Amino acid sequence: MVRAGWMKNWRLSTTYPSWVLNRLLGPVVAVALAVYSYTGLVDSATIEQAFQRAGETGSFTGFLILGQTIFAFFTGINWRGGMAVQRERWAGTLEMILLAPASRVAWILSESLFGLVDSGWTVFLSMLVAAMLFGVSFHVADPLAVAMVIVLTLAAMVALGLFFAGFYVLTRAAGPLSQAVSAPLGFLSGTQFPVAALPSAAQAVSYALPVTYGLLGVRRALLSGATVQQLVPDMVPLVLMTVVFTVLGVWLIGRMEARAKRTGSIHAY
Amino acid sequence: MPIDSGARSALAARGQPVALRAEALARTFRGSFRSNLTNQFRWYTFGGWMIASLFRPVFMLASAAVIAHFIAGGGVPPRFFALTGYPSYLAFVLLGMSANGLMLSSLDDGGTAIYDEENAGTWDLLALTPMNRFVWMFAKTLSGMVASLIDFALVLVVGALLFGLSFTPGGFAVAFVGLVLTLVALQGMAFLMAAAGLFWKQPYALSMMFAPLLIFLSGMMFPVEALPGWVQPLSQALPLTHGLRILREAMLRGTGLGALLPSFGMLLATGAVFMLVGYVAFTTLERRARAKGAMGRY
């Protein structure tokens, strides 16, 4: 099932190269938008001081680059999960897929995993381009730490995407909902500013999201040269949340599918 | 989508007096506008598009509020004030984010104008009918823009209530004229996107790529004066940049129509250029698609 999903998405991606262009340019423009949202307001020295007061030791442009590019992974995974359901609904094939004796989780997972790999190389390239454009250098002291925290962050994002996919089965607007979900997640996860800049109540929600720990860990690994031992406080929550959201996601997909079949809303769009 | 009744009139009107041809165009416009407006509101469910239309701009506004407080301690950011003279950065961003729906409509509705018909298998039939496709598409994209006025009002009201923002009442009339003209000027961009959709066949990829670019270049989140010098001409070439300037000048400073005439002029001029380029691109690419037999392909 996962292989079939992969092949389908591979053919779609290679048929429409405009998506590749979108994924290459999107994160670079998002970084530029984020940088000028700061420099359009105050001078760079004031910005750096504010970040240092918040405990961020690397450059603020490096902070923003990693925030936008790493989060681009999640939007890619989440959007694919939502559009997978939406596309099948539009094509009138959602009922057949849900009637087939195949794992729904494997179906959604195939979409998310392809989104991960498909986004991966473009996001990585965008990160390099943005770093060159804005003159940012990364400080890596422990490559194993970088690899571990990135893998755990991506696993947590896939699990979170699986969790949201359960809701997409029920709604008639899975595509726009997946976009709507990205907006508060990006706000709360610290993609554009340190989580410490949020009010306390919002920070409590931030620290319940895996993306927050992923960004904290990736920034420490790539901007501050953190080692594996120093990243343990970020990696442990990522592992726990991956397990929790995976279990919840599998359960939700089953429950939402049963409910959609009971209410007869699967075919409605 | 049912074949527009204007098509039959258009066929009958060939060789007929101007009045009859005008009636055929009007019927094409009415039929396309009405059916597409109905379709727009059919999708406008609370749990779907409305949430997406509201969430993104409101959270972008919230991000702007957090950033401004984080780096400027809650006061008016000094560089922003030096560049614009506006008394409130959040009100500046709120007006920008309210226009986000208009911008997205020109990209999405323009880009999918033909794609939706290709997807439904009706584009071949529509392309064969002797109706004026320019009028048909103009009505289709205009209906999307009209629906996006709801997004504009919703974001403006919700954002103002959430963040306690207010605007200069005396500027509402000028702002309304600016808004309507911006809506018309963005039609040109919609045409260009429709042409791109004919060629690239995946309009969502293009609209997702251009949306952040337009947010960046048009000054939705920060003053365009903060952009590097070499980028500024690109910014000034966009109708949305001038539309936003009119909205902000009118609603944040109460600037009158007379003082904003140059901005209105640029708005109409850039809109006309986009319309002309979009029209030429669309007719050229449609002709090429016909020649290659690619009309119904999506």
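Since the structure is predicted, the reported quantities are computational estimates derived from the model, not experimental observations.

> Help me understand the overall build of chain B, please; the structure alone is not making it clear to me.
Broken down by element type, chain B carries 13 helices and 0 strands. For chain B, the succession of helices and strands along the chain, N to C, is α-α-α-α-α-α-α-α-α-α-α-α-α. Summed over all atoms, the accessible surface of chain B reaches about 12200 Å², with 70% contributed by carbon and sulfur.

> It is not clear to me how the pattern of salt bridges should be interpreted in this structure. Could you clarify?
Working definition: two side chains of opposite charge can pair if their charged atoms are close together. Residues and elements named next belong to chain A. By the definition in use, this model includes 4 salt bridges over all chains. The partner of Arg-220 in a salt bridge is Asp-234, with the nearest N and O atoms 2.7 Å apart. With Arg-220 in helix α10 (residues 210-223) and Asp-234 in helix α11 (residues 228-263), this pair connects stretches of sequence that are 14 residues apart. Exposure remark for Asp-234: the relative accessible area of 3% places this residue in the buried category.

> Is there a simple way to think about a nonpolar patch on the surface in this case?
Taken together, the side chains of A:Leu21, A:Leu25, B:Phe199 and B:Trp200 present a nonpolar region at the surface, about 360 Å² in accessible area. Within the secondary structure, A:Leu25 is located in helix α2 (residues 18-39).

> How do you make sense of the packing of helix α6 (residues 100-120) of chain B against helix α9 (residues 172-200) of chain B when you look at a structure like this?
Each pair of packed helices gets described by two things: the angle between the helix axes and the distance between those axes. All names here are of chain B. Two numbers describe how α6 lies on α9: the axes approach to 7 Å, and their chain directions differ by 40°. Accordingly, the angle class assigned to the pair α6 and α9 is oblique. Like other packed secondary-structure pairs, α6 and α9 cross with a definite hand, here right-handed. Side by side, α6 and α9 meet where Leu-102, Met-103, Ser-106, Leu-107, Gly-110, Gly-111, Ile-114 and Glu-118 of the first sit next to Leu-179, Leu-183, Leu-186, Met-189, Ala-190, Met-193, Ala-194, Gly-197 and Leu-198 of the second. Residue composition of the contact of α6 with α9, grouped by class: 12 nonpolar, 4 polar and 1 charged.

> Can you walk me through the nonpolar core in this structure?
Most often, soluble globular proteins keep nonpolar side chains buried together rather than apart. Ranked by size, the top nonpolar core spans 134 residues in total, and within it A:Tyr38, B:Phe167, B:Phe216 and B:Met221 carry the most contacts. In terms of residues, this core owes the most to one element, helix α7 (residues 143-168) of chain A, which gives 12 residues. The contact partners of A:Tyr38, leaving out residues within four places of it in the chain, are A:Ile47, A:Phe51, A:Phe60, A:Leu64, A:Gln192, A:Phe193, B:Ile67, B:Phe70 and B:Ile71. Ranked by size, the runner-up nonpolar core spans 15 residues in total, among them B:Ala113, B:Ile114, B:Trp123 and B:Met131.

> What's the story with helix α12 (residues 239-253) of chain B in this structure? I'm lost.
Turn by turn, an α-helix covers 3.6 residues, leaving residues three or four places apart pointing in a common direction. All names here are of chain B. Here α12 contains 15 residues, and its C-alpha end-to-end distance of 21 Å stays within 8% of the 21 Å for a straight helix at 1.5 Å per residue. Within α12, 13 of the 15 residues are buried, leaving the element largely enclosed by the surrounding structure. Just downstream of α12 lies Gly-254, where phi reads positive at about 65°.

> Even after reading the chapter, I still don't get the side chain of B:Ser143, so can you show me in this structure?
When you line up the elements, B:Ser143 lands in helix α8 (residues 133-163). When neighbours within four sequence positions are excluded, B:Ser143 is seen to be in contact with B:Phe33, B:Asn36, B:Leu37 and B:Gln40.

> Honestly, the packing of aromatic side chains in this entry has me stumped. Any pointers?
How two aromatic rings sit relative to each other is set out by the distance from centre to centre and by the angle between their planes. Using the criterion set out here, one finds 26 aromatic pairs over all chains in the structure. Ring centres 5.8 Å apart and planes at 40° place the aromatic pair B:Tyr86 and B:Phe92 in the tilted group. By way of ring pairs, the aromatic residues B:Phe29, B:Phe33, B:Phe134, B:Phe138, B:Phe191 and B:Tyr279 are connected into one cluster. The lysine or arginine in question, A:Arg219, covers the ring of A:Phe63, its NZ or CZ lying 3.4 Å from the ring centre. Taking the ring centre of B:Phe92 as reference, the NZ or CZ of B:Arg248 above it sits at 3.5 Å.

Calculation criteria
Residues numbered from 1 in each chain as written. Chains lettered and ligands numbered in written order. Predicted model: local features only at pLDDT ≥ 70, side-chain atom pairs only at ≥ 80, totals over all residues. Heavy atoms only, no water. Helix = DSSP H or I, 4+ residues; strand = E, 2+ residues; numbered from the N terminus. Areas by Shrake-Rupley, 256 points an atom, 1.4 Å probe, with all protein chains shown as cover. Salt bridge = Lys/Arg side-chain N within 4 Å of Asp/Glu carboxyl O. Buried < 20%, exposed > 50% of the residue type's maximum accessible area, 1.4 Å probe, protein only. Patch = residues over 30% accessible without salt bridge, like charges linked within 9 Å, V, L, I, M, F, W, Y side chains within 5 Å. Axes fitted to C-alpha atoms, helices over the stretch in contact; angles between N-to-C directions. Parallel < 35°, antiparallel > 145°, perpendicular 65-115°, else oblique. Left-handed = near helix turned anticlockwise from the far one by under 90°. Contact = heavy atoms within 4.5 Å. Nonpolar A, V, L, I, M, F, W, Y, C, P; charged D, E, K, R; others polar. Core = buried A, V, L, I, M, F, W, Y, C linked by side-chain atoms within 4.5 Å. Expected span 1.5 Å × (residues − 1). Phe/Tyr/Trp six-rings, centres within 6.5 Å; stacked < 30°, edge-to-face > 60°. Lys NZ or Arg CZ within 6 Å of the ring centre and 35° of its normal.

Function-wise, these values are silent; they only describe arrangement.
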